[in-house]
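Overview (structure and organization)
Here is how the chains run, residue by residue.
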Amino acid sequence: MWVPASFDQAAGEIIQVDAWEPDDKFPVMPLGQKPKRVLVCPTPSPHRFLIAGHRYLFKEPAGHAEQQVWSEVIAYKLARAVGVEVPPAFLGYDGRRDSPGVLMEFFFGHGERADARFVHARDRFQALGVKLDERRGSLAENIKLSRQHQVPDPRSWWAQTLAFDTLTGNTDRHSENWGFLIRRSPDGRTSYELAPAFDNGSSLGWIVREPDLQRHLEAAGLRRFVERGRHHYGWLSWDDGSARHIELARRFVARHGVSRPTIARIAGIAESKVEAVLRSCSEFDFPVRFSEQRAAFVLGQIRARRIALEQALGG
């Protein structure tokens, strides 16, 4: 199992990226609704949880989308607690632009993955002539593609990613938000592994504005919000009903029962651990505020989804 790094960002360790240099090859990442900057960590590293000389993606959502900063950071902290590999995500600030954002570590190009390159699932689907439904993908096709590339234990990877996305309410695991790490051995053989579950910002109710939080904290409002949650894929691309978070988890367990312990591990996260993560976020003095009311909203979502996941395992 993946083991997270020993250190995490503390409340007094907001990363100042003013002096960070842009990556000389790819200074801007064009994917997504808004381009993201690619920056290189200085040497020596300014914080013990950063990798000197390594690339980081600096995402600067603004306006109504600014809460996605917290979604990325909280998803990373929760992933550490349940043993799911998610790229490290830290709060950063560019003083020259007066721009808060989230700094996300590239999950290849250092350590054991220094020689790996990354390819999006979309590119592999297209290379194999598989037609994609841009509105709704297919989990069955995702698993099939993973098996075709002979990755280690694809069923477990999809079980934990499905469960983690359900726990956090992530709606954005389309074919450009998952993919493969590729290596070529000295004898010319190519091997694939599934990359960490990256891009987790469309989660945890980020879309709910601060003035609307109280309404969503009421039992009926919270229930409706959680029940509407859905993945970017169904079991089959045309089966839109199976895209709902809990329904797809139930479908997956019915088809792949041996993955039940993997999903149970994530559904079984202790509420005290979730509370500790949210409490730590409220301690940051950061331009994008993580309020007590939002913390209560996030806790309520996770509690409801965790219970629903456990029920899906039982039925």
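Calculation rules
- Residues numbered from 1 in each chain as written.
- Predicted model: local features only at pLDDT ≥ 70, side-chain atom pairs only at ≥ 80, totals over all residues.
- Heavy atoms only, no water.
- Buried < 20%, exposed > 50% of the residue type's maximum accessible area, 1.4 Å probe, protein only.
- Helix = DSSP H or I, 4+ residues; strand = E, 2+ residues; numbered from the N terminus.
- Pairing = 2+ DSSP bridges.
- Polar contact = N/O pair within 3.5 Å; in protein donor to acceptor, adjacent residues only side chain to side chain.
- Contact = heavy atoms within 4.5 Å.
- Expected span 1.5 Å × (residues − 1).
- Arc of directions from axis to C-beta.
- Core = buried A, V, L, I, M, F, W, Y, C linked by side-chain atoms within 4.5 Å.
- Phe/Tyr/Trp six-rings, centres within 6.5 Å; stacked < 30°, edge-to-face > 60°.
- Axes fitted to C-alpha atoms, helices over the stretch in contact; angles between N-to-C directions.
- Left-handed = near helix turned anticlockwise from the far one by under 90°.
- Salt bridge = Lys/Arg side-chain N within 4 Å of Asp/Glu carboxyl O.

Digging into the pairing of strand β4 (residues 36-40)
Most of β4 sits inside the fold, with 4 of its 5 residues counted as buried. As paired strands, strand β2 (residues 21-22) and β4 are joined by 2 bridges and run antiparallel to one another. Bridge pairing links proline 22 to leucine 39 in β4. Pairing geometry for strand β3 (residues 28-29) and β4, over 2 bridges, is antiparallel. By the bridge assignment for β4, valine 28 is matched with arginine 37.

Re the side chain of lysine 77
Structurally, lysine 77 is set in helix α1 (residues 68-82). Classification of lysine 77 by relative accessible area gives buried; the value is 9%. In this structure the side chain of lysine 77 is engaged in a polar contact, spanning 2.9 Å, whose partner is the side chain of aspartate 8. Dropping the residues within four chain positions of it, lysine 77 is found in contact with Asp8, Gln9, Val277, Ser280 and Cys281.

Let's talk about helix α9 (residues 271-282)
Relative to the 16 Å expected for 12 residues at 1.5 Å per residue, α9 spans 17 Å between its end C-alpha atoms, a close match to the ideal helical length. Here α9 has its buried residues at Val274, Val277, Leu278 and Cys281. Viewed end-on, α9 has its buried residues packed into an arc of 90 degrees, placing them on one side of the element. At its buried positions, α9 is contacted by α1 and α10 (292-314).

Things to note about the nonpolar core
Generally speaking, a soluble globular protein has its nonpolar side chains buried in company with each other. Among the nonpolar cores identified, the biggest contains 85 residues, and Trp20, Trp70, Ile74, Leu139, Trp158, Trp178 and Phe252 are the most heavily contacted of them. The dominant element in this core, judged by the number of residues it contributes, is α1, at 9 residues. Discounting chain neighbours no more than four positions away, the residues touching tryptophan 70 are Leu91, Cys281, Phe284, Phe286, Val288, Arg289 and Phe290. If you look at the next biggest cluster of nonpolar residues, it comprises 6 residues, including Val208, Leu213, Phe225 and Phe297.

Notes on the environment of isoleucine 51
Here isoleucine 51 lies in the loop between β4 and β5 (55-59). Residues isoleucine 51 and cysteine 41, spaced 10 residues apart in sequence, show a C-alpha to C-alpha distance of 6.7 Å. Residues in contact with isoleucine 51, not counting those within four places in the same chain, are Cys41, Ser45, Tyr56, Glu105 and His110.

Focus: helix α3 (residues 139-148)
Listing the buried residues of α3 in full gives Leu139, Asn142, Ile143, Leu145 and Ser146. The arc enclosing the buried residues of α3, seen along the axis, measures out at 160 degrees, which places them on a common side. Between the side-chain oxygen at the start of α3 and the backbone nitrogen of alanine 140 there is a gap of 3.4 Å, and the oxygen is on serine 138. Phi for glutamine 150, located one or two positions after α3, is positive at around 55 degrees.

Topic: the packing of aromatic side chains
Throughout the structure, instances matching the rule amount to 20 aromatic pairs. Pairing tryptophan 157 with tryptophan 178 gives two aromatic rings, centres 6.5 Å apart and planes at 40 degrees, and the pair type is tilted. Placement of tryptophan 157 in helix α4 (residues 154-168) and of tryptophan 178 in the loop between α4 and β10 (179-184) is noted, with a sequence separation of 21 residues between them. For the pair tryptophan 157 and tryptophan 178, a shared accessibility class is recorded, and that class is buried. Among the aromatic side chains, those forming a connected cluster through ring pairs are Phe125, Trp157, Trp158, Trp178, Phe180, Tyr192 and Tyr233.

Some details on the packing of α3 against α4
Remark: α3 packs on α4, axes separated minimally by 9 Å, with the N-to-C direction vectors making an angle of 145 degrees. The handedness of the crossing between α3 and α4 is right-handed. Contact with α3, carried on its side by Leu139, Asn142, Ile143, Ser146 and Arg147, involves Pro154, Arg155, Trp158 and Leu162 of α4 and no other residues of that element.

What about the pattern of salt bridges?
A side chain with one charge can pair with a side chain of the opposite charge if their charged atoms come near. Applying the stated rule across the entire model yields 25 salt bridges. In this structure, the salt-bridge partner of arginine 136 is aspartate 240, at a minimum N-O distance of 2.8 Å. Taken together, the residues span a long stretch of sequence, with arginine 136 in the loop between α2 (121-127) and β9 (137-138) and aspartate 240 in the loop between β12 (233-234) and α7 (245-255) at a distance of 104 residues. Exposure remark for arginine 136: the relative accessible area of 7% places this residue in the buried category. Accessibility expressed as a relative area gives 27% for aspartate 240, which makes it partly exposed.

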